[in-house]
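Residue-level listing of the chains:
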Amino acid sequence: MHTEDDLIPISALQHLVFCPRQCALIHIEQVWTENLFTAEGRGLHEKVHGTDAESRPGVRIVRGLRVRSLELGLVGQVDVVEFQQAESGIRLQNETGLWQPLPVEYKRGRSKISDCDRVQLCAQAICLEEMLDSEIEYGAIFYGRPRRREQVKLSTSLRDKTSSLARKLHDLYATRTTPKASHQKKCQSRSLLESCMPSITGTKKDIEHYLAKAGMDE
Ligand code: SF4
């Protein structure tokens, strides 16, 4: 079990899934290079969180809810939590009946083959379960391109993967060591490319080649 002092942002999980070096550059070295995509993503979240809470028949909506899990050692914010009236669930203040929480994450882009978005959503759900003392079976991700909502079953395998990644994340933080780059196709589209310099930081040979070209070798 973790303490309040060693909680890590949930957002680091999706960076870890994408690339451990990216995760360390952003969350340990605090390097952040904003580009159009990251700025658009931030704008979308600000828009979602900036909207007032909503109430519809059978549904109560809360935005930008702060959550944390001492079991995972993670802290973050859920874009939207929809409380849907159900036969089982939790009680809400000033409301009658029982309500089932459904966390909803907003993403600028399209659905991905990688589990990075689903892992982030699952971590948010585990935080909510711990804080509300409830069980959450499903979450949802709203993608911007095309605009569609994807339902995500919070299966045992997704939960195990999320817990395992949270442990790896804490191990990475404990070492305070940024992993070496490995230049891959996915490096091209990311905002950290200039800071990471994968073609010259990946191997010793590449570094020697770079120093020789720059006239800095002996
Ligand atoms: S440029 Fe490539 S190696 Fe560097 S952080 Fe991005 S994905 Fe990782």
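Residues numbered from 1 in each chain as written. Predicted model: local features only at pLDDT ≥ 70, side-chain atom pairs only at ≥ 80, totals over all residues. Heavy atoms only, no water.

Colleague: Mind laying out the packing of aromatic side chains, listing which residues take part and the relevant values?
Modeller: For the coordinates displayed, the defined rule picks out one aromatic pair. Between Tyr106 and Phe142 the ring centres are 5.2 Å apart and the planes differ by 35°, which places this aromatic pair in the tilted class. Linking Tyr106 in strand S5 (residues 98–107) with Phe142 in strand S6 (residues 138–144), this pair joins segments that are 36 residues apart in sequence. Note on accessibility: Tyr106 and Phe142 belong to one class, buried. Across from the ring centre of Tyr138, 5.2 Å away, lies the NZ or CZ of Lys153, which sits over that ring. (Phe/Tyr/Trp six-rings, centres within 6.5 Å; stacked < 30°, edge-to-face > 60°. Helix = DSSP H or I, 4+ residues; strand = E, 2+ residues; numbered from the N terminus. Buried < 20%, exposed > 50% of the residue type's maximum accessible area, 1.4 Å probe, protein only. Lys NZ or Arg CZ within 6 Å of the ring centre and 35° of its normal.)

Colleague: So, the pairing of S6: which residues are in play, and what are the values?
Modeller: Most of S6 is tucked away, with five of its seven residues classed as buried. As defined by bridge partners, S5 adjoins S6 across four bridges and the pair is classed as parallel. Directly across from Lys107, in S6, lies its bridge partner Tyr143. Crossover S5 to S6 through helix H4 (residues 116–132) is right-handed. Remark: two residues form the turn of the hairpin made by S6 and strand S7 (residues 147–153), two consecutive strands paired antiparallel. (Pairing = 2+ DSSP bridges. Right-handed = clockwise from strand over helix to strand, strands pointing away.)

Colleague: So, unusual backbone geometry: which residues are in play, and what are the values?
Modeller: Between Arg145 and the following residue, Pro146, the backbone shows a cis peptide bond with an omega angle of -10°. Inspection of the secondary structure assignment puts Pro146 in the loop between S6 and S7. Positive phi values are uncommon outside glycine, yet Asn94 reaches one of about 65°. Within the secondary structure, Asn94 sits in the loop between strand S4 (74–86) and S5. Note on Asn94: relative accessible area 77%, which makes it exposed. Phi is positive for Asp133, close to 55°, though the residue is something other than glycine.

Colleague: So what about the site of the ligand? Which residues, and what values?
Modeller: All residues adjacent to the ligand are Phe18, Cys19, Gln22, Ala181, Ser182, Cys187, Leu193, Cys196 and Pro198. The residue inventory of the shell around the ligand, partitioned by class, reads seven nonpolar, two polar and no charged. Of the domains in this structure, domain 1 (4–179) and domain 2 (180–218) are the two that each give at least three residues to the shell around the ligand. (Near = heavy atom within 4 Å. Nonpolar A, V, L, I, M, F, W, Y, C, P; charged D, E, K, R; others polar. Domains from an automatic or database assignment.)

Colleague: Tell me what's going on with the pairing of strand S3 (residues 59–69), and back it up with residues and numbers.
Modeller: Strand direction decides the pairing type here: strand S2 (residues 54–56) and S3, joined by three bridges, are antiparallel. Considered in S3, the bridge of Arg56 is made with Val59. Once S2 ends, the chain turns through two residues before running back antiparallel as S3, passing Gly58 with a positive phi of about 80°. Both S3 and S4 contribute to a ladder of 10 bridges, which runs antiparallel.

Colleague: Explain H4 residue by residue, including any values.
Modeller: Across its 17 residues, H4 extends 24 Å between first and last C-alpha, which sits within 8% of the 24 Å expected from 1.5 Å per residue. In terms of residue burial, H4 counts as a mostly covered element, since 14 of its 17 residues are buried. Just past H4, the residue Asp133 takes up positive phi, approximately 55°. (Expected span 1.5 Å × (residues − 1).)

Colleague: Kindly report on the nonpolar core, identifying the contributing residues and their values.
Modeller: Of all hydrophobic cores here, the largest spans 36 residues; its most connected members are Leu13, Leu74, Leu154 and Leu169. Elements with a minimum of two residues in this core: helix H1 (11–18), helix H2 (20–27), S4, H4, S6 and helix H5 (156–175). At eight residues, H4 tops the list of elements feeding residues into this core. With near-sequence residues (within four places) excluded, Leu74 lies in contact with Leu7, Ile8, Pro9, Ile10, Leu13, Val67, Arg68, Ser69, Ala123, Cys127, Ala166 and Leu169. (Core = buried A, V, L, I, M, F, W, Y, C linked by side-chain atoms within 4.5 Å. Contact = heavy atoms within 4.5 Å.)

Colleague: Could you give an account of the side chain of Gln124, naming the residues involved and the relevant values?
Modeller: Tracing the backbone through its elements, the reader meets Gln124 in helix H4. A relative accessible area of 1% places Gln124 in the buried class. Among the polar contacts listed, one links the side chain of Gln124 to the backbone oxygen of Gln77, at a separation of 3.5 Å. Ignoring any residue separated from it by four or fewer positions in sequence, one finds Gln124 in contact with Ile10, Gln77, Val78 and Glu105. (Polar contact = N/O pair within 3.5 Å; in protein donor to acceptor, adjacent residues only side chain to side chain.)

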